[in-house]
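# Survey of secondary and tertiary structure
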Amino acid sequence: MSEKSAVESFYAGKNIFITGATGFVGVCLIEKILRDIPNVGKLYLLMRPKKQKSIEDRLQDLTKNSVFEKYLETHSAQDILSKIVPIGGDVGADNLGINDKDRQTLIDNVNVVFHSAATLDFFDGLRETTNINLLGTRRVMELCKQLKHCEAVVHVSSAYVNSYLLEVSEKLYPSPDDAERVIELTKTLKDDALKELEPTILKEHPNTYTFTKHLAEHEVNKCAGVIPCGIVRPSMITAAWKQPVPGWTISKNGPQGFFMGASKGVIRRLPLDPSVIMDYIPVDVVVNQILVTGEHVNSLMKRNGNKPDELKVFHATSSTYRPFRFETLTNQINGYMHEYPLKSAVWYPHLKFVKSLLLFRFGAIFFHFLPGYILDFVTKVSGGRPILVRLHTNVWNSLNKLEKFIFTEWKYDNTKTLQVAKNQLDADKENFYIDIAELKWEDYFLNMLLGVRQYLNYEKPKNLETARSKDRL
């Protein structure tokens, strides 16, 4: 670059501690750092050992993630591993489950912390979400206060932590409850009693996820006067816009999930009002915003005589800036699925949006369950594992809890984010872009569908002509 990047300069030589490193955002963040901040120090990744999988095995699995395909064209797996230091632990365990030796290593060496680990399941009970989202964040912040050279902390929250409001600003809203009271209830009450009390505790919050993530933001705020802290609130995180390749994704949430099923022909009805703004944000924009926020809060501290400023909150959202409604793409989406069909499709793809759960349930009986029973029977007779009826049953049972998120239109102000974007150096606007002014939704969704085809349905571009021949039958 002709102009020095402020982001790259800040992270050069810095050692970074990352939680949630193996998730959708986490792997994309690691790839971005390795690709565009080559002079970064070490990346300390909090990794939880799994049954029959050591941390070393999980590291090898990480290097095989499709996010690194572009990077590995010019680098090796060893280049990835040479920058990574695995730290055995778990945000759900006391002291993050980190042993004394590793904890001291972090205390002595870490400069920047990115905390993105969370349980994202809207159906988890209050006990689990409190332990992971609230106490997990508290444990991370306690570690941050012990770090000898901490220069920035970025907490990845969610735009939906304030989902009881239809219009949300980039600020910290009052805590929905006393954190100590909630923690005590989850420690003392039995499952049935806690479940019965849950609606009273959640109040206006639609689920335990948004409630505990809201409480977690206040845990970060407690440290804001000691450490430069920023919060990034993404909305629904979707496939990559530009990097590492347009359309890349490993997430089955949101539109990626229903494109995955619709392309196969097994999802034919979707409860969604095409006139409602759907707030989607590409994963590469979120990753850039995490990196930009870390540099930004540190620069504010330096300008303030090395005294940390108040907590900074930024929305990674599109609803008030580049709003998207499916009504603008209804016809194109079905066209895309026939222009780029799947060889593995089991039925002619055709997706139709329905504006109410009642209409969806009625249509699902005829277009999902009846074909599902037939196809599952054929699969079972052929020696395969029938999954369609179970899949559609899970969707059916989850809809009541998801209804608010399906049909509600939120507006997330991103004025502060745009101000930071405006003040970026040209080099950072190009490579650490957080402004989506030039995002064209039609092109973006075509790339997303291609990404779903390749990375979720595992169909390579080379079998496209075969798939098209099958689609024309």
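Fair warning: this is a prediction, and the values are worked out from it, not measured in the lab. The residue numbers shown here count from 1 along each chain, following its written sequence. Given that this is a predicted model, residues contribute local features only at a pLDDT of at least 70 and side-chain atom pairs are listed and counted only at 80 or more, while totals for whole chains, interfaces and linings are drawn from all residues. Only hydrogens and water are removed before side-chain values are computed, so all heavy atoms of the structure are retained for them.

### Brief notes about the pairing of strand β2 (residues 43-47)
- In terms of burial, β2 is a largely internal element, five of the five residues being buried.
- Of the two faces of β2, the one lined by Leu43, Leu45 and Met47 and the one lined by Tyr44 and Leu46 are each fully buried.
- What makes two strands pair is DSSP finding at least two bridges between them. Per the convention used, a helix needs a DSSP run of H or I reaching at least four residues, while a strand needs a run of E reaching at least two, with both numbered from the N terminus. Looking at chain direction, strand β1 (residues 16-19) and β2 are connected through three bridges and run parallel. Paired with Ile18 across the strands is Leu45, a residue of β2.
- With its strands directed away from the observer, a crossover is right-handed exactly when the path from the first strand over the helix to the second travels clockwise. For the segment spanning β1, helix α2 (residues 24-36) and β2, crossover handedness is right-handed.
- Here five bridges tie β2 to strand β3 (residues 84-88), and the two strands are oriented parallel to one another. Bridge pairing in β3 places Met47 opposite Gly88. With a 1.4 Å probe rolled over the protein chains alone, any residue whose accessible area is under 20% of its type maximum counts as buried; one over 50% counts as exposed, and the rest are partly exposed.

### Some words on the sheet that holds strand β5 (residues 152-156)
- Ordered in space as β3-β2-β1-β4-β5-β7-β11, the seven strands form an open sheet in which the pairing is parallel. The strands lining the two open edges of the sheet, one partner per strand, are β3 and β11 (312-316). Taken over all neighbouring pairs, the strand axes of this sheet differ in orientation by 20° on average, direction set aside.
- The contact rule is simple, with two residues in contact once any of their heavy atoms fall within 4.5 Å. Here the axes come from fitting lines to C-alpha atoms, over the contacting stretch only for helices, and the angles between their N-to-C directions go from 0 to 180 degrees. Strands in contact with helix α11 (residues 283-303) are β4 (112-115), β5, β7 (229-234) and β11; relative to β11, the strand with the most contacts, it is inclined by about 160°.

### Quick word on a nonpolar patch on the surface
- Within this analysis, patches are made of residues with over 30% relative accessible area and no salt bridge. Like charges are joined at 9 Å or less; nonpolar side chains (Val, Leu, Ile, Met, Phe, Trp, Tyr) at 5 Å or less. Here the open area of atoms and residues is found with the Shrake-Rupley method and a 1.4 Å probe, where only the protein chains shown may cover a residue. Note on definitions: salt bridges are taken to be side-chain nitrogens of Lys or Arg within 4 Å of carboxyl oxygens of Asp or Glu. A cluster of nonpolar side chains, Val346, Trp347, Tyr348, Phe362, Ile365, Phe366, Phe367 and Leu370, forms an exposed patch at the surface whose accessible area comes to about 780 Å².
- One can find Trp347 in the loop between α12 (330-339) and β12 (352-354).
- Residue classification places Trp347 among the partly exposed residues on the basis of a relative accessible area of 34%.

### Focus: the pattern of salt bridges
- Enumeration over the complete set of coordinates arrives at 20 salt bridges.
- A cluster of three or more residues bridged by salt bridges with shared partners is formed by Glu31, Lys32, Arg35 and Asp36.

### A short note on the layout of surface pockets
- Residues are said to line a cavity or pocket when one of their atoms sits within 4 Å of a point; the points come from a 1 Å grid over protein atoms alone, cavities being sets where a 1.4 Å probe fits but cannot get out and pockets being open sets with protein on both sides within 12 Å along at least five of seven lines. Grid points are joined across faces, edges and corners, and a volume is the space filled by probe spheres set on the points. What the second largest pocket holds in volume is close to 360 Å³.
- Around the second largest pocket, the lining is made up of 22 residues, and of these His296, Arg303, Phe314, Val420 and Asn423 lie nearest the centre.
- Looking at the lining of the second largest pocket, the elements with two or more residues in it are α1 (6-11), α11, β11 and α15 (415-422).
- Among the elements that make up the lining of the second largest pocket, the one with the highest residue count is α11 (five residues).
- Residue composition of the lining of the second largest pocket, grouped by class: nine nonpolar, five polar and eight charged. Under this grouping Gly is polar, as are all residues other than the nonpolar Ala, Val, Leu, Ile, Met, Phe, Trp, Tyr, Cys and Pro and the charged Asp, Glu, Lys and Arg.

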